[in-house]
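Descriptive analysis of the structure
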Amino acid sequence: MRDVTTAQPLDVQPTPLALLLLGREADPKSERGVECPGDLPSPSDPDLVERARAAKEKLGKKVFVLGHHYQRDEVIQFADVTGDSFKLARDAAARPEAEYIVFCGVHFMAESADILTTDDQKVVLPDLAAGCSMADMATAEQVAECWDVLTEAGIAEQVVPVSYMNSSADIKAFTGKHGGTICTSSNAKRALDWAFEQGEKVLFLPDQHLGRNTAVRDMGMSLEDCVVYNPHKPGGGLTAEQLRDAKMILWRGHCSVHGRFSLDSVNDVRERIPGVNVLVHPECKHEVVAAADYVGSTEYIIKTLEAAPAGSKWAIGTELNLVRRLANRFADEGKEIVFLDKTVCFCSTMNRIDLPHLVWTLESLAEGKLVNQIQVDRETESFAKLALERMLALP
């Protein structure tokens, strides 16, 4: 047996990634974000709501506050508009008179708003650490390496990249540069239809589940038509033959919230609530989507519940802030709305935008101090905008 009392200490140096995850280093190009400057108000400050209201009133039409559906209620009450990521970016672009766009969402959303707004407008993210784990799962370097693998397999010219809106500006730029388009959870089928008119195969980034569900559920492909490219394995963990045979090359990424729902969650809620309708987001796993009654984007989920008859029962597979807000909204109509999983699950990065951060942001702007501006460099913006414009031109 090894004598641990005499063993020499290991000279182990933390990697840059480890330091980043520990919060001891910062990477401005990462979706994980960096620390915010300045002092935040105490979260227990009873005057926070009034301070936010006063600062927003002082700014007037100079500020336009966007609130994503997954935001906390304490933040969403100050949003001028609410919606999903692309709707909010377009809403920002439609307000050229607003000098400041305060995006209560996550980093990639603020990037999209910066790409679509004018040079005179300044996009602000209240907490720079509000990132997206899914967007983090595909870096520009990894995707460039993937394209080299496709080139070596002799199929790159047949492949059209389609990137989900939930991706960094770098990935959107790669997509634009290589003749591809962006999609949302609402128009993924239209984007894939267009892509297959341009080429024989699709590289779908970065959410494997949305890509698979759209291809199989909505377009009639088989699971065998799809392969998963793992950026952490040599060659993506795939042979050249597998790549040549595939129609859909799915990036190994997922949403940490939607990925937690399971077939057991669906079966359990059906046993607990007889007659329940299961409504899930297409970022859920394929077996969950296949077992659900309804599948669609956050906007689809909201509209479905608006149209639902009084007394109907619903189990929703999406972020808890939205589910809870919808349950409260429709309670008076006798609609029973529950979270699909027994375990509470918020989007932890989205929830970094809280009232203290929003108050600090609005008060800083009201004092003439620009904080936490999100800026996409000109070259990246140019190619990313090209990909976004292709999406806007979809039939």
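Here's a quick rundown of the structure. Note that the structure is a prediction, hence the values are computed from the model and not measured.

Before going further, it helps to examine the pattern of salt bridges. The full count for this structure, using the stated rule, is 18 salt bridges. A salt bridge links D127 to R352, with the shortest nitrogen-to-oxygen separation between them at 3.3 Å. Of the two residues, D127 sits in the loop between β4 (122-124) and α6 (133-136) while R352 sits in the loop between β13 (336-339) and α16 (355-366), which places them 225 residues apart along the sequence. By relative accessible area, which is 4% here, D127 ends up buried. Its relative accessible area of 39% is what places R352 among the partly exposed residues. Note that K342 is salt-bridged to D268, the shortest N-O span being 3.7 Å. Placement of K342 in the loop between β13 and α16 and of D268 in helix α12 (residues 263-272) is noted, with a sequence separation of 74 residues between them. Residue class for D268 comes out partly exposed when judged on its relative accessible area of 22%. Look at the salt bridges and you will find they share partners, linking D45, R51 and E363 into a network.

A few words now on the pairing of strand β1 (residues 63-68). Summarising burial for β1: six of the six residues are buried, a large majority. Where β1 lies against strand β3 (residues 100-104), five bridges are found, and the strand directions are parallel. By the bridge assignment, V65 is partnered in β3 with V102. Direction of pairing for β1 relative to strand β2 (residues 81-83): parallel, over a ladder of three bridges.

What counts as what
Residues numbered from 1 in each chain as written. Predicted model: local features only at pLDDT ≥ 70, side-chain atom pairs only at ≥ 80, totals over all residues. Heavy atoms only, no water. Salt bridge = Lys/Arg side-chain N within 4 Å of Asp/Glu carboxyl O. Helix = DSSP H or I, 4+ residues; strand = E, 2+ residues; numbered from the N terminus. Buried < 20%, exposed > 50% of the residue type's maximum accessible area, 1.4 Å probe, protein only. Pairing = 2+ DSSP bridges.

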